[in-house]
Amino acid sequence: GSSHEWGHGISIKNAQRVKVSSVFVSQCIGDGIVVGGWLEPNTNVYDKAAKQVRLENIVSDDNRRQAMTISHADGVVVKNCRFTNTGKTKYTAPSAGLDIEPNAEEPWNHGVKNVRIENCFFAGNKYRQCLSHGYINRGKEDNIQNITVKGCTFEGNCDIHTGGITFVSSTLESATFRGGRDKIENVTFSGCMLTGDKPLVFEGTMYKDDRGQSIGGDFGMIKLKKCEIHSKESKEALFILNSSVE
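Since this is a predicted model, take the numbers as computed values, not measurements. (Residues numbered from 1 in each chain as written. Predicted model: local features only at pLDDT ≥ 70, side-chain atom pairs only at ≥ 80, totals over all residues. Heavy atoms only, no water.)

A look at the packing of aromatic side chains
Counted under the stated rule, the structure contains five aromatic pairs. Geometrically, the ring pair formed by Phe 83 and Phe 122 is stacked, given 5.2 Å between the ring centres and 25° between the ring planes. Here Phe 83, found in strand β11 (residues 82-84), pairs with Phe 122, found in strand β14 (residues 121-123); they are 39 residues apart in sequence, far enough to count as distant. This pair shows no difference in class: Phe 83 is buried, exactly as Phe 122 is. Seen from their ring centres, Phe 154 and Phe 167 are 6.2 Å apart, and the 75° between their planes marks the pair as edge-to-face. Of the two residues, Phe 154 is situated in strand β17 (residues 153-160) and Phe 167 in strand β18 (residues 165-168); the sequence distance between them amounts to 13 residues. Of the two residues, Phe 154 and Phe 167, neither departs from the other in class, the shared state being buried. (Phe/Tyr/Trp six-rings, centres within 6.5 Å; stacked < 30°, edge-to-face > 60°. Helix = DSSP H or I, 4+ residues; strand = E, 2+ residues; numbered from the N terminus. Buried < 20%, exposed > 50% of the residue type's maximum accessible area, 1.4 Å probe, protein only.)

Here you go:
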């Protein structure tokens with residue numbers, strides 16, 4: 001019933017060699033699970049990431065803010081988990097199933113890298129099933145690197161604001177690319193199926209300057225390899241890509 005959004009079920013911050021398995025997390029004020037860094041006292045800088053974290057056979061259901069957030073980490077495996085119904089009882093934005101959000105704003109400048117999401121199920125989350133919401137930090141290296149999503153099912157839209165993500169052998173209702181403050185690039189779909197009414201959408205920027213003018217919104221390299229793109233209204237594939245399209 002609290003109005004704040006930080007009441008997480010499981011919070012793993014600046015921790016190493018952690019394994020959590022066979023846990024049910026539900027109706028938390030914030031996220032069901034968060035993996036992130038630690039705020040150094042009196043510095044406003046997160047410079048210690050969570051490392052070597054393994055999450056298996058977890059159900060995160062009907063939490064208020066996210067089912068799971070990864071915000072500052074290096075080396076995370078998430079396997080055979082279910083992330084469902086975020087925001088069903090009470091809602092705090094963004095209410096996604098999985099949020100990969102490193103925040104490239106100074107002075108935090110987080111990073112998320114070397115993450116594997118495998119054989120997981122996402123459905124019923126209020127805003128998006130998956131949200132990648134970090135940015136390339138003004139010419140510096142990508143804040144999201146080497147994220148692999150393999151064998152997962154997303155019953156709803158995945159909202160992609162950044163690069164460094166590969167989807168392998170996964171089913172998505174749709175993927176929406178929203179140009180952020182820098183380019184969205186280095187995104188790959190390999191052996192995937194997109195099944196929604198609008199299965200693949202490219203949109204401009206979400207952001208406006210103080211004059212109300214849109215900024216950013218560019219797209220770089222996005223690859224599709226051996227994918228099928230369907231429509232809910234048709235049993236036939238709209239496209240079957242047997243080779244790479246860039």
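A word on the state of the cysteines
Per the counting criterion, the structure on display carries zero disulfides. Cysteine Cys 192 remains unbridged, with the sulfur of Cys 227 as its closest cysteine sulfur at 5.0 Å. Taking relative accessible area as the criterion, Cys 192 reaches 2% and is therefore assigned buried. Classification of Cys 227 by relative accessible area gives buried; the value is 1%. (Disulfide = S-S within 2.5 Å.)

Here we look at unusual backbone geometry
The omega torsion across Ala 93 and Pro 94 is 5°, close enough to zero to call that bond cis. One can find Pro 94 in the loop between β11 and β12 (96-100). Notably, Ser 22 is not glycine yet its phi reads approximately 55°, a positive angle. By secondary structure assignment, the location of Ser 22 is in the loop between β2 (16-21) and β3 (24-26). Owing to a relative accessible area of 59%, Ser 22 belongs among the exposed residues under this scheme.

Focus on the pattern of salt bridges
For side chains of opposite charge, pairing can occur when their charged atoms come near one another. In the structure shown here, the tally under the stated rule is six salt bridges. Put simply, Arg 116 and Glu 118 hold a salt bridge, and the shortest N to O gap is 3.0 Å. For Glu 118, a relative accessible area of 16% gives the class buried. The partner of Asp 159 in a salt bridge is Arg 128, and the shortest N-O contact between them spans 3.0 Å. Of this pair, Asp 159 sits in strand β17 while Arg 128 sits in strand β15 (residues 128-132); the two residues are 31 residues apart in sequence, bridging distant segments of the chain. For the pair shown, Asp 159 and Arg 128 are each scored as buried. Through salt bridges with shared partners, a single ionic network connects Glu 5, Asp 31 and Arg 65. (Salt bridge = Lys/Arg side-chain N within 4 Å of Asp/Glu carboxyl O.)

Some words on the nonpolar core
Side chains of a nonpolar character, in soluble globular proteins, are inclined to be buried together. Judged by nonpolar contacts, the single largest core of 48 residues is most densely connected at Val 35, Leu 55, Ile 117 and Phe 189. When residues no more than four places from it in sequence are discounted, the contact partners of Ile 117 are Ile 70, Val 78, Leu 98, Phe 122, Thr 148, Val 149, Lys 150 and Cys 152. (Core = buried A, V, L, I, M, F, W, Y, C linked by side-chain atoms within 4.5 Å. Contact = heavy atoms within 4.5 Å.)

Description of the side chain of Asp 61
If you trace the backbone, Asp 61 turns up in strand β8 (residues 59-61). For the buried Asp 61, which has no salt bridge, the nearest side chain bearing the opposite charge is Lys 88, at an N-O separation of 6.3 Å. Once residues within four sequence positions are removed from consideration, Asp 61 is found in contact with Phe 24, Val 25, Ser 26, Gln 27, Thr 84 and Asn 85. (Lys, Arg positive; Asp, Glu negative; His and termini not counted.)

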